[in-house]
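Reading the structure
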Amino acid sequence: MNAEPLISTQKLGKSLGGHPVLDELDFAIHDREIITIVGRSGSGKSTFLDLIMGLVKPSKGSIKRRAAPIKMSYIFQRPALLPWRTVERNVALPLEIEGIDKVTCRERVHFALEQVGLFYAKSLFPFQLSGGMAQRLAIARALVQEPDLLLMDEPFSSLDPLLRENMNINLLRLQERTKKTILFVTHSIDEAVILSDRILILESGRFIYDLAIDIPKPRNEATLNSRRFAEVIREVRAHLPFHPNLPQQVASEPL
Ligand SMILES: Nc1ncnc2c1ncn2[C@@H]1O[C@H](COP(=O)(O)OP(=O)(O)OP(=O)(O)O)[C@@H](O)[C@H]1O
Ligand SMILES: [Mg+2]
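The next point concerns the domain arrangement of the protein. Assigned domains within the protein: domain 1 (1-70 + 155-255) and domain 2 (79-147). Just the C-alpha atoms count here: the centres of domain 1 and domain 2 sit 25 Å apart. Across the contact, seven residues belong to domain 1 and five residues belong to domain 2. Among the residues forming the side of domain 1 that touches domain 2, the class breakdown is six nonpolar, one polar and no charged.

Right under this line is the structure:
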């Protein structure tokens, strides 16, 4: 483990369409940490992940990566699966683009599919998958790239609550096995609490709270029913700003 953050930002700011979306963000994520960003719709969570991934350039401030290049995989808010490719070949795509040889590619794809419990479905096409399977496929496609940092933008928000809890516990197990560092975005407080070492609350372009979640690990199904879990959810909720107005009205105001 390295004391230096894997990635940090210094007074990071981003304007889009002439409006400041993010401002003065100081952020750091360390090895094996799971950090979740929570904030209302339009608060700039996806934009922050885009900046970390390097898909968009900062308008202000800087991003520091511990060692170049850090490998990052991004699970987008809308998972883009290729409908004409099987599960196996969807996962293989990033490796094919990298030009990895066929044998290594096959091994790594099979390993990634096993990690998310989809090996049995490797010959199916996306239209034959349930919502949860499609999300697991997106995770396998990210894992196969052996990233140092996994960026996940509301990956489970389209799933029903029970399946979502299942996916959360699976992700925790996967993280225990693979020791990945994860930066996760969600609207669900329950999801943020079960997954996170820290929760950052994004509001008006800034992280207004950085909350350490001290629920012991490993966390599992029993954690979801524990008194401590319920208490922490209440504590986190108490830090969330209440918006009596429509979000658009707030978003259009200058910071
Ligand atoms: N290309 C763009 N041009 C102009 N404005 C943009 C652009 N992309 C995003 N925005 C604006 O930036 C703000 C932040 O968008 P972003 O997608 O980061 O929010 P979010 O927190 O991820 O929201 P959600 O929870 O709904 O996914 C929004 O107000 C959005 O309208
Ligand atoms: Mg978003």
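Before going further, it helps to spend a moment on the site of ligand 1. Around ligand 1 there are 13 residues in total, and Leu 16, Gly 17, Ser 41, Ser 46 and Thr 47 lie nearest to it. Here the shell around ligand 1 gets three residues from one element, more than from any other, and that element is helix α1 (residues 45-53). By residue class, the composition of the shell around ligand 1 is three nonpolar, nine polar and one charged.

The next point concerns unusual backbone geometry. Following Lys 217, the chain continues into Pro 218 via a peptide bond in cis, with omega recorded as 0°. Tracing the sequence through the fold places Pro 218 in the loop between β9 (206-212) and α7 (221-224). Within the chain, Lys 179 stands out as a residue other than glycine whose phi angle is a positive 60°. Take Lys 179: it is sitting in the loop between α5 (161-178) and β7 (181-186). Of the residues examined, Lys 179 has 9 C-beta atoms within 10 Å and is grouped as exposed.

Across six bridges, the pairing between strand β8 (residues 198-203) and β9 is antiparallel. In the strand pairing of β9, Ile 199 is matched with Leu 211. Turn length for the β8-β9 hairpin, with the two strands adjacent in sequence and antiparallel, is two residues, and the turn residue Ser 204 shows positive phi of about 50°.

Moving on to the sheet that holds strand β3 (residues 34-38). Strands in a sheet are paired, the pairing made by backbone hydrogen bonds, and the direction either parallel or antiparallel. Spatial strand order, β5-β6-β7-β3-β8-β9: six strands in an open sheet with mixed pairing. This sheet does not close on itself; its edge strands, each paired only once, are β5 (72-75) and β9. Across the sheet, the mean angle from the axis of one strand to that of its neighbour is 15°, orientation sign disregarded. When β3 meets β7, the two strands line up parallel, connected through five bridges. Considered in β7, the bridge of Ile 35 is made with Leu 183.

Tracing the chain through its elements places Pro 155 in the loop between β6 (149-153) and α5. For Pro 155, a count of 25 C-beta atoms within 10 Å puts it in the buried group. Separated by 20 residues in the primary sequence, Pro 155 and Gln 135 place their C-alpha atoms 6.7 Å from one another. Residues contacting Pro 155, with those up to four places away along its chain left out, are Ile 75, Gln 135 and Ala 138.

A sheet is described by the order of its strands in space; here three strands give the open sequence β2-β1-β4, paired in antiparallel fashion. One side of each edge strand has no neighbouring strand; the edge strands of this open sheet are β2 (19-29) and β4 (60-65). On average, adjacent strands in this sheet sit at an angle of 20° to one another, irrespective of strand direction. Taken together, the five bridges between strand β1 (residues 7-16) and β4 define a ladder with antiparallel strand orientation. Residue Gln 10 lies in a different strand from β4, and its bridge partner there is Ser 62.

About the cut-offs
- Residues numbered from 1 in each chain as written.
- Chains lettered and ligands numbered in written order.
- Predicted model: local features only at pLDDT ≥ 70, side-chain atom pairs only at ≥ 80, totals over all residues.
- Domains from an automatic or database assignment.
- Contact = placed C-beta atoms within 7 Å.
- Nonpolar A, V, L, I, M, F, W, Y, C, P; charged D, E, K, R; others polar.
- Near = placed C-beta within 6 Å.
- Helix = DSSP H or I, 4+ residues; strand = E, 2+ residues; numbered from the N terminus.
- Buried ≥ 20, exposed ≤ 12 C-beta atoms within 10 Å, placed from the backbone.
- Pairing = 2+ DSSP bridges.
- Axes fitted to C-alpha atoms, helices over the stretch in contact; angles between N-to-C directions.

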